[in-house]
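Observations on the model geometry
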Amino acid sequence: MFNQLQPVPTDPILGLMTEYKADNNPKKVDLSVGVYKNEQGDTPVLAAVKKAEEYRLNNEQSKAYLGMAGDVRFNEAMTNLLFGEHDVVKSGRVKTAQTPGGTGSLRVAAEFIARCNPTAKVWVTNPTWANHISIFNAAGLQVEEFPYFDFDTMGLKFDQTVETLSKVPAGDIVLLHACCHNPSGMDLNLEQWQTVADIAKQQGFTILIDSAYQGFGEGLNEDAAGLRLLASQVEEMIVCSSCSKNFGLYRDRIGAISIIGTDPAKAEIAFSVALGVIRAIYSMPPAHGADIVATILSSQELTSLWHQELDEMRTRINGLRSFVVDKFKEKGVPGNFDFIAKQNGMFSFLGIDKESIATLKKDYSIYIVGSSRVNVAGVNDSNADYLADALAKVLNK
Ligand code: LMR
C-alpha cells in the first residue's frame, strides 16, 4: 500500500528551520521561520508566561476533558483581545473556540467553509503564507489568488486588488491578514479596509481574517483595527488567530477560531458546526497554552508584564527595520531597501533572485525563504555586518 507513495517536498519554511539547526557554521544566520529572536538570537519564554506556568503548576486541579471548544476563560479573553468593546461581542454575535495554533484554527475554518459551501473558492493575497494554500486544498477547497503585493514598487497594488475583489461572487471566501502581512510586511490602511468592506457588502462574499501577529505591527488595538472595522459592517465573518508570536507560545500550539453570525442564534448554529468539525479532527485542543493565556489576561499584573514584553519585541523589530536599511547602505548592498523600514511585523521581501538566495545559504550559511522573505528579527548587532557584507558580495557579482 505504501509502495506507490511519492515523497512530499520539504516545507519551504520549516524545512529551512531544520537545515539551519543542522548547520555547524558558527556564523550561520537564520532569517527563515517566523519566530521572534532577541539581540542574542534567542527566543526565550516570556516572563509573563513563566509566571503563569508557575501558577498553573501549583494550582491545576484536574486533567479531565475540557470539551471541543477548549478553555472557556481563554475563549472569552481572546474574543476581547481581538474585538475589544465591539458590538459583535456585546450583542452575542461572535463565538470563539480554542484551537491548536493558528494553523489548527485555519484548518477548522477550512473544513467549516467546506461544510457551508463545498464549491467555495478561497481567495488569498498574491503572495500569501505558503501554508494557507495547503490548508484550504487539504479541505478540498479551490484556492485563487488576488493581486496584492507589487514587487516593482515593493508596496501594494491596491487598484488591482480592488479590481479582482470586485468580481468575487457571493459564496466565496476572501482571506485577509489582520496585520503584519506574511510574507510581505505590507498592510492595508484603514481607508483600504473600508474599501474592502464596501466590496464585500456589494458582492456578498465572506471575509476570513488571519490574525497571527496582533501586537507586532503598531499595537494590540491598532493591529485589530481593520478586522474590527469589517466586523462592524459585514453580517458574517471568520477570524483565525494565533498566540504563537505575541505570547511566544509557538510550540504550545494555541490559537482560536471566532465566528460572527448575523444574529446570536445563527452564530450559535455556525459554532455548533465548527465544534462538529473539531470533534472529527482532534476532538478537543490541548489545555496548557490556553490556560497560560487565560491566566495572563485575567491578571492585571501579568497583563501589564505581557504588554511590556510585547512592546519590547515590537520596538526591537521596528528599530531593526531602519537598522537593516542603514547597514545595507553602509556596506554597499546594491539596490534600494528603504521599503523595509516602512513595512510591518517580522517579514519583508528582499526582492533578490533564487540563485543569490541559494548562494547565501551554501557559501555563507544565511537562511532566507526561497521567495526572498526575511525575518527581520533574526538580525542583531553581531550578525548584521556579516549579513550585509555577504549580500553585497553575492548581489554585486
Ligand atoms: C512563518 O511563516 O514562518 C511562521 O508562520 C511559521 C510557519 O509555520 O510557517
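Residues numbered from 1 in each chain as written. Predicted model: local features only at pLDDT ≥ 70, side-chain atom pairs only at ≥ 80, totals over all residues.

Spelled out, the test is: UniProt positions are given in the numbering used here, feature names are shortened, and annotations may be inferred rather than shown by experiment.
Labelled according to an unreviewed UniProt entry, the protein appears under the name Aminotransferase, originating from Psychrosphaera aquimarina. For the protein, the Subunit (unreviewed entry) comment in UniProt is given as "Homodimer."

1. Considering the pairing of strand β4 (residues 142-147)
What counts here: If DSSP finds at least two bridges between two strands, the strands pair. Only runs of H or I of at least four residues qualify as helices and only runs of E of at least two qualify as strands under DSSP, and these elements are numbered from the N terminus. A crossover gets the label right-handed when its path from the first strand over the helix to the second runs clockwise, viewed with the strands pointing away from the viewer.
Sheet topology note: the strand β3 (residues 121-126)/β4 ladder contains 6 bridges and is parallel. Across the sheet, residue valine 122 finds its bridge partner in β4, namely valine 143. A crossover connection joins β3 to the parallel β4 through helix α6 (residues 130-138); in handedness this β-α-β unit is right-handed.

2. Quick word on the domain arrangement of the protein
To keep it simple, the criterion reads: By convention here, the domain bounds are inherited from an automatic or database domain assignment. Note on contacts: residues are paired as contacts if their backbone-placed C-beta atoms lie within 7 Å. Amino acid classes used here: Ala, Val, Leu, Ile, Met, Phe, Trp, Tyr, Cys and Pro are nonpolar; Asp, Glu, Lys and Arg are charged; the rest, including Gly, are polar.
One can read the domain layout of the protein as domain 1 (10-44 + 306-396) and domain 2 (65-298). Residue-level contacts link 22 residues of domain 1 with 22 residues of domain 2. Elements that contribute at least two residues to the side of domain 1 that touches domain 2 include exactly α12 (300-330) and β11 (347-349). Ranked by the residues each element gives to the side of domain 1 that touches domain 2, the list is headed by α12, at 5 residues. Of the residues belonging to the side of domain 1 that touches domain 2, the class tally is 12 nonpolar, 8 polar and 2 charged.

3. Things to note about the nonpolar core
Rules: Connectivity within a nonpolar core runs through C-beta atoms within 7 Å, and the core itself is a set of buried Ala, Val, Leu, Ile, Met, Phe, Trp, Tyr and Cys residues. The burial criterion counts other C-beta atoms lying within 10 Å of a residue's C-beta, which is placed from the backbone; the residue is buried at 20 or more, exposed at 12 or fewer, and partly exposed between these limits.
Counting 120 residues, the largest nonpolar core has Ala109, Ile173, Val174, Ile257, Ala274, Val293 and Ile368 as the members making the most contacts within it. When residues of this core are sorted by domain, at least three fall in each of domain 1 (10-44 + 306-396) and domain 2 (65-298).

4. Thoughts on the confidence of the model for the protein
Note the cut-off: For every residue, the predictor assigns a confidence score, pLDDT, that lies between 0 and 100.
With 100% of its residues at a pLDDT of at least 70, the protein reaches an overall mean of 97. The ipTM, which scores confidence in the relative placement of chains, is 0.95 for this predicted complex, and the corresponding pTM is 0.97.

5. Some thoughts on the packing of helix α7 (residues 158-165) against helix α8 (residues 190-203)
Filter applied, for reference: Helix axes use the C-alpha atoms of the stretch in contact, all axes being lines fitted to C-alpha atoms, and the angles between their N-to-C directions lie in the range 0 to 180 degrees. Working definition: roughly parallel below 35 degrees, roughly antiparallel above 145 degrees, roughly perpendicular at 65 to 115 degrees, and oblique for all remaining angles. Handedness of a crossing follows from how the near helix is turned relative to the far one, being left-handed for an anticlockwise turn of less than a right angle and right-handed for a clockwise one.
Taken N-terminus to C-terminus, the directions of α7 and α8 make an angle of 15 degrees; their axes are 10 Å apart at the nearest point. The orientation of α7 relative to α8 falls into the category roughly parallel. Where α7 crosses over α8, the two elements pack in a sense that is right-handed. Between α7 and α8, the contacting residues are Phe158, Val162 and Leu165 on the first element and Gln192, Thr195, Val196 and Ile199 on the second. For the contact of α7 with α8, the per-class residue count stands at 5 nonpolar, 2 polar and no charged.

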